[in-house]
Amino acid sequence: MTLDAADLTRLDRAHIIHPYLPGSATERVVMTSGSGCRLTDTEGRGYLDATGGLWLAQVGHGRTELADVAHEQMKKLEYFTSFWEFSNERAIELAARLASIAPDPLNHVYFTSGGSEGNEAAIKMARYHHHRRGESSRTWILARSKAYHGIGYGGGSATGFPLYHEGFAPMMPHVSHLTPPWPYRSELYGDRPLSPEQVTDFLIRELEERIAEIGARNIAAMIGEPIMGVGGMLVPPADYWPRVREVLDRHGILLIFDEVVTAYGRVGEWFAAQYFGVTPDIIVTAKGITSGYVPLGALLVGDHVAEVLLRDHGFPMGYTYNGHPVATAVATANLDIIEKEGLLARATSLGAFLHGELQAQLGELPIVGEIRSVGMMLAVELVQDRATRAPLPLDPDRMPHDVIRRETGVIVRDSAHSLVLSPPLVMTEAEAKEAASALRSVLERTEPSGEIRAA
(Lines give C-alpha, C1' and ligand atoms only; values in the text may rest on other atoms or scores of the structure.)
Protein backbone atom coordinates (compact mmCIF):
# COMPACT_ATOMS: atom_id res chain seq x y z
CA MET A 1 0.00 0.00 0.00
CA THR A 2 1.35 3.40 -1.00
CA LEU A 3 0.28 6.35 1.15
CA ASP A 4 0.50 9.96 0.01
CA ALA A 5 1.15 12.96 2.27
CA ALA A 6 -2.55 13.52 2.98
CA ASP A 7 -3.10 9.86 3.90
CA LEU A 8 -0.15 9.89 6.28
CA THR A 9 -1.35 13.05 7.99
CA ARG A 10 -4.85 11.62 8.37
CA LEU A 11 -3.59 8.35 9.85
CA ASP A 12 -1.17 10.18 12.14
CA ARG A 13 -3.97 12.34 13.53
CA ALA A 14 -6.18 9.29 13.98
CA HIS A 15 -3.70 7.06 15.79
CA ILE A 16 -0.62 8.76 17.26
CA ILE A 17 -0.43 10.63 20.57
CA HIS A 18 2.37 13.16 20.14
CA PRO A 19 4.12 14.65 23.19
CA TYR A 20 2.96 18.22 23.86
CA LEU A 21 0.56 18.31 20.88
CA PRO A 22 -3.14 18.97 21.56
CA GLY A 23 -5.69 16.90 19.71
CA SER A 24 -7.07 20.05 18.10
CA ALA A 25 -3.83 20.64 16.17
CA THR A 26 -4.18 19.65 12.53
CA GLU A 27 -0.67 20.35 11.23
CA ARG A 28 1.75 17.45 10.77
CA VAL A 29 5.27 17.51 9.32
CA VAL A 30 6.07 13.94 8.27
CA MET A 31 9.77 13.50 7.58
CA THR A 32 10.91 10.89 5.08
CA SER A 33 14.66 11.30 4.67
CA GLY A 34 17.71 13.15 5.91
CA SER A 35 21.32 13.85 5.01
CA GLY A 36 23.76 15.88 7.08
CA CYS A 37 21.77 18.81 8.46
CA ARG A 38 19.03 18.48 5.83
CA LEU A 39 15.62 16.81 6.08
CA THR A 40 12.83 16.21 3.56
CA ASP A 41 9.12 15.69 4.27
CA THR A 42 6.42 13.76 2.44
CA GLU A 43 5.52 16.80 0.35
CA GLY A 44 9.10 17.13 -0.88
CA ARG A 45 9.88 20.23 1.16
CA GLY A 46 13.42 20.57 2.48
CA TYR A 47 14.41 21.69 5.97
CA LEU A 48 17.59 22.74 7.76
CA ASP A 49 17.77 20.90 11.08
CA ALA A 50 19.19 23.43 13.54
CA THR A 51 18.02 21.42 16.57
CA GLY A 52 19.69 18.08 15.92
CA GLY A 53 16.27 16.47 16.45
CA LEU A 54 16.23 16.76 20.22
CA TRP A 55 19.84 17.86 20.77
CA LEU A 56 21.34 14.61 19.52
CA ALA A 57 22.20 14.28 15.80
CA GLN A 58 25.93 14.77 16.41
CA VAL A 59 27.17 13.20 13.17
CA GLY A 60 24.19 14.30 11.07
CA HIS A 61 21.46 12.40 9.30
CA GLY A 62 21.82 9.62 6.75
CA ARG A 63 25.19 8.11 7.70
CA THR A 64 25.10 4.81 5.84
CA GLU A 65 28.13 3.53 7.73
CA LEU A 66 26.05 3.43 10.91
CA ALA A 67 23.25 1.59 9.14
CA ASP A 68 25.82 -0.92 7.88
CA VAL A 69 27.14 -1.52 11.40
CA ALA A 70 23.63 -2.15 12.69
CA HIS A 71 22.92 -4.52 9.79
CA GLU A 72 26.07 -6.54 10.34
CA GLN A 73 25.48 -6.82 14.09
CA MET A 74 21.86 -7.87 13.62
CA LYS A 75 22.99 -10.67 11.35
CA LYS A 76 25.44 -11.88 13.98
CA LEU A 77 23.59 -11.29 17.28
CA GLU A 78 20.54 -9.03 17.43
CA TYR A 79 19.92 -9.34 21.20
CA PHE A 80 20.54 -11.29 24.35
CA THR A 81 20.17 -10.18 27.93
CA SER A 82 22.99 -8.52 29.87
CA PHE A 83 21.51 -9.46 33.26
CA TRP A 84 23.49 -11.58 35.71
CA GLU A 85 26.67 -13.05 34.23
CA PHE A 86 25.62 -12.56 30.59
CA SER A 87 27.27 -10.02 28.32
CA ASN A 88 28.18 -9.44 24.68
CA GLU A 89 31.23 -8.30 22.75
CA ARG A 90 29.84 -4.97 21.60
CA ALA A 91 28.74 -3.84 25.06
CA ILE A 92 32.15 -4.70 26.52
CA GLU A 93 33.95 -2.81 23.75
CA LEU A 94 31.80 0.28 24.22
CA ALA A 95 32.16 0.25 28.01
CA ALA A 96 35.94 0.17 27.70
CA ARG A 97 35.82 2.97 25.14
CA LEU A 98 33.65 5.15 27.37
CA ALA A 99 35.94 4.58 30.34
CA SER A 100 38.90 5.66 28.19
CA ILE A 101 37.33 9.06 27.32
CA ALA A 102 35.59 9.77 30.63
CA PRO A 103 37.15 11.76 33.47
CA ASP A 104 39.02 9.49 35.89
CA PRO A 105 37.84 7.64 38.03
CA LEU A 106 34.56 7.14 36.10
CA ASN A 107 35.57 3.68 34.93
CA HIS A 108 32.31 1.75 35.29
CA VAL A 109 29.37 1.80 32.88
CA TYR A 110 25.69 0.99 33.38
CA PHE A 111 23.67 0.86 30.15
CA THR A 112 20.11 2.08 29.63
CA SER A 113 17.89 2.83 26.65
CA GLY A 114 17.81 6.61 27.09
CA GLY A 115 18.13 9.64 29.31
CA SER A 116 14.97 9.26 31.37
CA GLU A 117 15.94 5.70 32.28
CA GLY A 118 19.42 6.96 33.05
CA ASN A 119 18.29 9.56 35.53
CA GLU A 120 16.03 7.03 37.26
CA ALA A 121 19.02 4.71 37.62
CA ALA A 122 21.33 7.49 38.83
CA ILE A 123 18.94 8.59 41.59
CA LYS A 124 18.51 4.97 42.71
CA MET A 125 22.28 4.44 42.59
CA ALA A 126 22.89 7.45 44.81
CA ARG A 127 20.37 6.36 47.42
CA TYR A 128 21.49 2.73 47.28
CA HIS A 129 25.14 3.72 47.59
CA HIS A 130 24.45 5.45 50.89
CA HIS A 131 22.14 2.65 52.07
CA ARG A 132 24.85 0.06 51.47
CA ARG A 133 27.25 2.20 53.48
CA GLY A 134 24.90 2.27 56.46
CA GLU A 135 23.48 5.75 55.82
CA SER A 136 19.92 4.89 54.82
CA SER A 137 18.73 8.30 56.01
CA ARG A 138 20.33 9.87 52.93
CA THR A 139 17.26 9.96 50.68
CA TRP A 140 16.95 13.62 49.69
CA ILE A 141 17.82 14.77 46.17
CA LEU A 142 18.82 18.37 45.48
CA ALA A 143 17.84 19.68 42.03
CA ARG A 144 17.12 23.09 40.54
CA SER A 145 14.21 25.08 39.19
CA LYS A 146 14.18 25.16 35.36
CA ALA A 147 15.93 21.77 35.35
CA TYR A 148 14.85 18.94 33.07
CA HIS A 149 15.70 15.38 34.01
CA GLY A 150 13.30 13.35 31.90
CA ILE A 151 9.84 11.92 32.36
CA GLY A 152 10.35 9.09 34.83
CA TYR A 153 9.05 9.29 38.38
CA GLY A 154 12.37 10.12 40.04
CA GLY A 155 13.82 12.21 37.22
CA GLY A 156 10.44 13.85 36.64
CA SER A 157 10.31 14.82 40.31
CA ALA A 158 13.79 16.32 40.06
CA THR A 159 12.66 18.27 36.98
CA GLY A 160 12.03 21.85 38.00
CA PHE A 161 9.03 22.85 35.85
CA PRO A 162 5.50 22.85 37.33
CA LEU A 163 4.15 21.76 33.92
CA TYR A 164 5.76 18.35 34.33
CA HIS A 165 4.27 17.85 37.80
CA GLU A 166 0.72 19.11 37.27
CA GLY A 167 -1.71 16.22 37.03
CA PHE A 168 0.98 13.63 37.83
CA ALA A 169 1.27 14.35 41.55
CA PRO A 170 2.08 13.29 44.13
CA MET A 171 5.66 13.31 42.92
CA MET A 172 8.57 11.51 44.57
CA PRO A 173 9.15 12.88 48.08
CA HIS A 174 12.42 14.28 49.39
CA VAL A 175 13.31 16.46 46.39
CA SER A 176 14.32 20.09 46.95
CA HIS A 177 14.76 22.62 44.13
CA LEU A 178 17.36 25.39 44.21
CA THR A 179 17.66 28.61 42.19
CA PRO A 180 19.21 28.04 38.74
CA PRO A 181 22.44 29.75 37.61
CA TRP A 182 21.04 32.29 35.12
CA PRO A 183 23.09 35.48 35.39
CA TYR A 184 20.97 37.33 32.81
CA ARG A 185 17.96 37.05 35.14
CA SER A 186 19.37 39.19 37.95
CA GLU A 187 15.92 39.40 39.56
CA LEU A 188 16.42 35.82 40.74
CA TYR A 189 19.15 37.01 43.11
CA GLY A 190 17.76 40.28 44.46
CA ASP A 191 17.03 43.79 43.28
CA ARG A 192 20.33 44.65 41.61
CA PRO A 193 22.45 43.18 38.81
CA LEU A 194 25.28 40.97 40.01
CA SER A 195 28.56 39.90 38.47
CA PRO A 196 28.86 36.20 37.57
CA GLU A 197 31.01 35.67 40.66
CA GLN A 198 28.36 37.32 42.85
CA VAL A 199 25.70 35.09 41.31
CA THR A 200 27.78 32.07 42.32
CA ASP A 201 28.18 33.52 45.82
CA PHE A 202 24.38 33.77 46.09
CA LEU A 203 23.84 30.23 44.85
CA ILE A 204 26.50 28.67 47.06
CA ARG A 205 25.07 30.47 50.07
CA GLU A 206 21.63 29.12 49.17
CA LEU A 207 23.04 25.61 48.75
CA GLU A 208 24.74 25.71 52.15
CA GLU A 209 21.53 26.98 53.78
CA ARG A 210 19.43 24.26 52.13
CA ILE A 211 21.85 21.56 53.25
CA ALA A 212 21.70 22.92 56.81
CA GLU A 213 17.90 23.03 56.66
CA ILE A 214 17.48 19.43 55.43
CA GLY A 215 20.52 18.06 57.23
CA ALA A 216 23.58 16.87 55.35
CA ARG A 217 23.15 13.31 56.61
CA ASN A 218 19.73 13.20 54.97
CA ILE A 219 20.90 14.13 51.44
CA ALA A 220 21.97 11.52 48.91
CA ALA A 221 22.92 13.61 45.89
CA MET A 222 22.56 16.76 43.86
CA ILE A 223 21.57 16.28 40.22
CA GLY A 224 22.18 18.97 37.64
CA GLU A 225 22.60 19.58 33.93
CA PRO A 226 26.03 21.21 33.49
CA ILE A 227 24.28 23.57 31.03
CA MET A 228 20.50 23.68 31.43
CA GLY A 229 19.05 22.84 28.02
CA VAL A 230 15.25 22.89 28.25
CA GLY A 231 15.52 25.81 30.68
CA GLY A 232 16.87 27.93 27.83
CA MET A 233 20.49 26.85 27.39
CA LEU A 234 21.54 28.42 30.70
CA VAL A 235 25.32 28.63 31.10
CA PRO A 236 26.51 28.89 34.73
CA PRO A 237 29.38 31.15 35.80
CA ALA A 238 32.78 29.48 35.40
CA ASP A 239 33.26 29.04 39.15
CA TYR A 240 29.79 27.61 39.83
CA TRP A 241 30.35 23.86 39.41
CA PRO A 242 33.79 23.75 41.08
CA ARG A 243 32.34 25.51 44.13
CA VAL A 244 29.25 23.27 44.18
CA ARG A 245 31.53 20.22 44.05
CA GLU A 246 33.54 21.50 47.01
CA VAL A 247 30.41 22.01 49.14
CA LEU A 248 28.97 18.61 48.31
CA ASP A 249 32.29 16.86 49.02
CA ARG A 250 32.45 18.52 52.40
CA HIS A 251 29.05 17.09 53.30
CA GLY A 252 29.41 13.62 51.74
CA ILE A 253 26.78 14.34 49.06
CA LEU A 254 27.18 12.76 45.62
CA LEU A 255 27.13 14.86 42.45
CA ILE A 256 25.19 13.55 39.44
CA PHE A 257 25.77 15.31 36.11
CA ASP A 258 22.85 14.91 33.73
CA GLU A 259 24.79 15.07 30.46
CA VAL A 260 22.05 13.62 28.29
CA VAL A 261 22.30 16.76 26.14
CA THR A 262 25.85 17.97 26.72
CA ALA A 263 27.90 14.77 26.26
CA TYR A 264 29.67 13.43 23.16
CA GLY A 265 30.99 16.63 21.67
CA ARG A 266 28.09 19.03 21.99
CA VAL A 267 30.17 21.49 24.05
CA GLY A 268 33.50 20.82 22.32
CA GLU A 269 34.63 18.13 24.77
CA TRP A 270 33.52 14.54 25.20
CA PHE A 271 31.74 15.65 28.37
CA ALA A 272 30.77 18.99 29.86
CA ALA A 273 32.42 17.79 33.07
CA GLN A 274 35.72 18.26 31.24
CA TYR A 275 34.65 21.69 29.97
CA PHE A 276 33.94 22.89 33.52
CA GLY A 277 36.89 21.06 35.07
CA VAL A 278 34.74 19.09 37.52
CA THR A 279 34.49 15.34 38.03
CA PRO A 280 31.06 14.23 39.25
CA ASP A 281 30.39 10.88 40.89
CA ILE A 282 27.95 9.79 38.16
CA ILE A 283 27.45 11.08 34.61
CA VAL A 284 24.17 10.27 32.87
CA THR A 285 24.42 10.17 29.06
CA ALA A 286 22.25 9.20 26.09
CA LYS A 287 21.22 11.03 22.88
CA GLY A 288 24.55 11.80 21.19
CA ILE A 289 26.07 8.45 22.16
CA THR A 290 24.51 7.05 18.97
CA SER A 291 23.55 10.37 17.33
CA GLY A 292 20.00 9.07 17.61
CA TYR A 293 20.44 6.19 15.18
CA VAL A 294 19.46 3.66 17.86
CA PRO A 295 18.10 4.35 21.38
CA LEU A 296 20.85 3.96 23.99
CA GLY A 297 22.02 5.50 27.22
CA ALA A 298 25.01 4.96 29.50
CA LEU A 299 25.81 5.97 33.05
CA LEU A 300 29.48 6.54 33.81
CA VAL A 301 30.03 5.64 37.44
CA GLY A 302 32.94 6.47 39.70
CA ASP A 303 35.00 3.58 41.06
CA HIS A 304 34.11 4.52 44.66
CA VAL A 305 30.38 4.33 43.88
CA ALA A 306 30.60 1.17 41.77
CA GLU A 307 32.59 -0.66 44.43
CA VAL A 308 29.72 -0.20 46.88
CA LEU A 309 27.00 -1.05 44.33
CA LEU A 310 28.75 -4.28 43.36
CA ARG A 311 28.92 -5.69 46.88
CA ASP A 312 26.83 -8.66 47.99
CA HIS A 313 24.09 -9.33 45.39
CA GLY A 314 25.02 -6.34 43.23
CA PHE A 315 22.83 -3.45 42.06
CA PRO A 316 19.24 -4.79 42.02
CA MET A 317 17.90 -2.93 39.02
CA GLY A 318 18.00 -3.60 35.29
CA TYR A 319 16.36 -2.76 31.98
CA THR A 320 15.46 -5.32 29.32
CA TYR A 321 17.77 -3.65 26.81
CA ASN A 322 20.80 -3.08 29.07
CA GLY A 323 23.87 -3.32 26.83
CA HIS A 324 21.90 -4.07 23.66
CA PRO A 325 24.45 -5.40 21.14
CA VAL A 326 23.10 -3.52 18.11
CA ALA A 327 22.83 -0.23 19.98
CA THR A 328 26.31 -0.54 21.50
CA ALA A 329 27.82 -1.45 18.12
CA VAL A 330 26.28 1.66 16.57
CA ALA A 331 27.46 3.78 19.50
CA THR A 332 31.08 2.68 19.06
CA ALA A 333 30.92 3.42 15.33
CA ASN A 334 29.36 6.81 16.11
CA LEU A 335 32.19 7.68 18.51
CA ASP A 336 34.65 6.63 15.80
CA ILE A 337 33.09 9.16 13.41
CA ILE A 338 33.16 11.94 16.01
CA GLU A 339 36.84 11.24 16.63
CA LYS A 340 37.89 10.65 13.00
CA GLU A 341 36.16 13.78 11.69
CA GLY A 342 37.39 16.01 14.52
CA LEU A 343 33.89 16.96 15.60
CA LEU A 344 34.90 17.98 19.13
CA ALA A 345 37.08 20.77 17.75
CA ARG A 346 34.47 21.52 15.10
CA ALA A 347 31.80 22.03 17.77
CA THR A 348 33.97 24.75 19.27
CA SER A 349 34.93 26.49 16.03
CA LEU A 350 31.59 26.19 14.23
CA GLY A 351 29.73 27.07 17.41
CA ALA A 352 31.76 30.26 17.70
CA PHE A 353 31.07 31.03 14.04
CA LEU A 354 27.33 30.50 14.47
CA HIS A 355 27.34 32.62 17.61
CA GLY A 356 29.06 35.39 15.63
CA GLU A 357 26.46 35.16 12.85
CA LEU A 358 23.60 35.34 15.36
CA GLN A 359 25.23 38.30 17.07
CA ALA A 360 25.80 40.12 13.78
CA GLN A 361 22.28 39.54 12.46
CA LEU A 362 20.23 39.68 15.66
CA GLY A 363 22.28 41.55 18.22
CA GLU A 364 20.72 44.96 17.55
CA LEU A 365 17.11 43.81 17.39
CA PRO A 366 15.14 45.33 20.29
CA ILE A 367 13.52 42.01 21.25
CA VAL A 368 16.85 40.15 21.57
CA GLY A 369 18.04 40.30 25.16
CA GLU A 370 20.99 37.94 25.15
CA ILE A 371 22.75 35.48 22.85
CA ARG A 372 24.66 32.77 24.71
CA SER A 373 26.49 29.65 23.66
CA VAL A 374 28.93 26.91 24.53
CA GLY A 375 30.08 24.89 21.53
CA MET A 376 27.08 23.83 19.47
CA MET A 377 24.55 24.81 22.14
CA LEU A 378 23.14 28.28 21.48
CA ALA A 379 20.20 30.35 22.64
CA VAL A 380 18.65 33.68 21.71
CA GLU A 381 16.65 35.02 24.65
CA LEU A 382 13.65 37.11 23.61
CA VAL A 383 12.43 40.09 25.65
CA GLN A 384 9.78 42.76 25.27
CA ASP A 385 12.05 45.38 26.82
CA ARG A 386 15.83 45.29 27.00
CA ALA A 387 15.94 47.60 30.02
CA THR A 388 13.56 45.57 32.19
CA ARG A 389 14.41 42.25 30.51
CA ALA A 390 10.73 41.30 30.71
CA PRO A 391 10.18 38.10 28.69
CA LEU A 392 8.60 38.48 25.27
CA PRO A 393 4.89 37.57 25.35
CA LEU A 394 4.29 34.54 23.14
CA ASP A 395 1.18 33.69 21.14
CA PRO A 396 0.80 29.88 21.29
CA ASP A 397 -0.87 29.94 17.86
CA ARG A 398 1.98 31.91 16.27
CA MET A 399 5.22 31.13 18.04
CA PRO A 400 8.43 32.53 16.50
CA HIS A 401 10.00 29.08 16.04
CA ASP A 402 6.89 27.83 14.22
CA VAL A 403 6.87 30.86 11.92
CA ILE A 404 10.58 30.40 11.20
CA ARG A 405 10.03 26.78 10.19
CA ARG A 406 6.97 27.48 8.06
CA GLU A 407 8.48 30.46 6.26
CA THR A 408 12.13 29.43 5.90
CA GLY A 409 12.35 25.67 6.50
CA VAL A 410 14.85 26.19 9.35
CA ILE A 411 13.93 24.18 12.45
CA VAL A 412 14.77 25.74 15.83
CA ARG A 413 13.23 25.17 19.25
CA ASP A 414 11.46 27.37 21.78
CA SER A 415 12.67 26.93 25.36
CA ALA A 416 11.66 29.30 28.14
CA HIS A 417 11.29 32.41 25.92
CA SER A 418 14.51 31.54 24.11
CA LEU A 419 15.11 30.20 20.64
CA VAL A 420 17.52 27.32 21.07
CA LEU A 421 19.84 25.90 18.41
CA SER A 422 21.72 22.61 18.75
CA PRO A 423 22.60 21.59 15.19
CA PRO A 424 24.47 18.49 14.10
CA LEU A 425 28.20 19.00 14.60
CA VAL A 426 28.68 18.57 10.85
CA MET A 427 26.86 21.82 10.02
CA THR A 428 28.67 23.98 7.44
CA GLU A 429 29.37 27.69 7.70
CA ALA A 430 26.92 28.29 4.83
CA GLU A 431 24.23 26.47 6.81
CA ALA A 432 25.08 28.47 9.93
CA LYS A 433 24.57 31.68 7.97
CA GLU A 434 21.30 30.32 6.61
CA ALA A 435 20.07 29.57 10.12
CA ALA A 436 20.97 33.04 11.42
CA SER A 437 19.31 34.70 8.42
CA ALA A 438 16.14 32.67 8.97
CA LEU A 439 15.91 33.86 12.56
CA ARG A 440 16.43 37.47 11.51
CA SER A 441 13.78 37.28 8.80
CA VAL A 442 11.13 36.60 11.46
CA LEU A 443 12.51 38.32 14.57
CA GLU A 444 12.96 41.64 12.78
CA ARG A 445 9.17 41.60 12.23
CA THR A 446 8.36 40.63 15.81
CA GLU A 447 6.91 43.39 17.99
CA PRO A 448 7.59 43.77 21.73
CA SER A 449 3.98 42.64 22.17
CA GLY A 450 4.91 39.30 20.63
CA GLU A 451 2.93 39.96 17.45
CA ILE A 452 4.72 38.91 14.26
CA ARG A 453 3.99 41.17 11.30
CA ALA A 454 3.25 39.61 7.93
CA ALA A 455 6.22 39.23 5.61
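Residues numbered from 1 in each chain as written. Predicted model: local features only at pLDDT ≥ 70, side-chain atom pairs only at ≥ 80, totals over all residues. Heavy atoms only, no water.

### Describing the overall build of the chain
Here's step 1: Looking only at helices and strands, one finds 14 helices and 16 strands in the chain.
Here's step 2: Overall, the C-alpha framework of the chain stretches about 65 × 60 × 40 Å when taken along its three principal axes.
Here's step 3: When each of the 455 residues of the chain is scored for burial, the buried share is 55%.
Here's step 4: Of the roughly 19300 Å² of accessible surface on the chain, a fraction of 55% belongs to carbon and sulfur atoms.
Here's step 5: For the chain, the distance from the average position of its 41 positive side-chain charges to the average position of its 57 negative side-chain charges is 1 Å. (Helix = DSSP H or I, 4+ residues; strand = E, 2+ residues; numbered from the N terminus. Buried < 20%, exposed > 50% of the residue type's maximum accessible area, 1.4 Å probe, protein only. Areas by Shrake-Rupley, 256 points an atom, 1.4 Å probe, with all protein chains shown as cover. Lys, Arg positive; Asp, Glu negative; His and termini not counted. Charge placed at Lys NZ, Arg CZ, Asp CG, Glu CD.)

### A word on empty space enclosed by the protein
Here's step 1: If you walk through the whole model with that rule in mind, you get two cavities of 30 Å³ or more.
Here's step 2: As a volume, the largest cavity reaches approximately 50 Å³.
Here's step 3: Around the largest cavity, the lining residues are Arg144, Leu178, Thr179, Leu203, Ile204, Glu206, Leu207, Met222, Tyr240 and Val244.
Here's step 4: For the lining of the largest cavity, the secondary structure elements donating two or more residues are α7 (196-214) and α8 (240-250).
Here's step 5: Per-element accounting of the lining of the largest cavity gives the leading share, four residues, to α7.
Here's step 6: By residue class, the composition of the lining of the largest cavity is seven nonpolar, one polar and two charged.
Here's step 7: Of the pockets and cavities examined, the second largest cavity occupies roughly 40 Å³.
Here's step 8: Contributing to the lining of the second largest cavity are Thr51, Gly53, Leu54, Trp55, Arg413, Val420 and Ser422. (1 Å grid on protein atoms, 1.4 Å probe; cavity = no way out; pocket = protein on both sides within 12 Å on 5 of 7 lines; lining within 4 Å. Points joined across faces, edges and corners; volume = space filled by probe spheres on them. Nonpolar A, V, L, I, M, F, W, Y, C, P; charged D, E, K, R; others polar.)

### Structural notes on the pairing of strand β9 (residues 282-285)
Here's step 1: Residues Ile282 and Val284 point to one face of β9 and Ile283 and Thr285 to the other, with burial holding for every one of them.
Here's step 2: Bridge count for β9 against strand β10 (residues 297-301) is four bridges, and the pairing is antiparallel. Bridged to isoleucine 283 within β10 is leucine 300. (Pairing = 2+ DSSP bridges.)

### Let's talk about the environment of glycine 62
Here's step 1: Locating glycine 62 in the fold gives a position in the loop between α2 (52-55) and α3 (64-76).
Here's step 2: Glycine 62 sits in the partly exposed class, given a relative accessible area of 48%.
Here's step 3: Every residue in contact with glycine 62, bar those within four places of it in the chain, is listed here: Gly34 and Tyr293. (Contact = heavy atoms within 4.5 Å.)

### A look at the packing of helix α4 (residues 89-101) against helix α11 (residues 325-340)
Here's step 1: Taken N-terminus to C-terminus, the directions of α4 and α11 make an angle of 35°; their axes are 8 Å apart at the nearest point. Like other packed secondary-structure pairs, α4 and α11 cross with a definite hand, here left-handed. Where α4 approaches α11, its residues Arg90, Ala91, Leu94, Arg97 and Leu98 are matched on the opposing element by Pro325, Thr328, Ala329, Ala331, Thr332, Leu335, Asp336 and Glu339.
Here's step 2: Across the contact of α4 with α11, the residue classes tally to seven nonpolar, two polar and four charged. (Axes fitted to C-alpha atoms, helices over the stretch in contact; angles between N-to-C directions. Left-handed = near helix turned anticlockwise from the far one by under 90°.)

### Brief notes about the sheet that holds strand β8 (residues 254-258)
Here's step 1: A sheet is described by the order of its strands in space; here seven strands give the open sequence β4-β10-β9-β8-β7-β5-β6, paired in mixed fashion. Only two strands of the sheet have a single neighbouring strand rather than two, namely β4 (108-112) and β6 (175-178). Between one strand and the next, the sheet's axes are offset by a mean angle of 20°, whatever the strand orientation.
Here's step 2: Here helix α5 (residues 115-132) sits on the sheet and contacts β4, β5 (140-144), β7 (219-224), β8, β9 and β10; the angle it forms with β8, its principal contact strand, is near 175°.
Here's step 3: Against the sheet, α7 touches β5, β6 and β7, its axis set at about 160° to β6.

In short, the description is geometric, and any link to function would need to be established separately.
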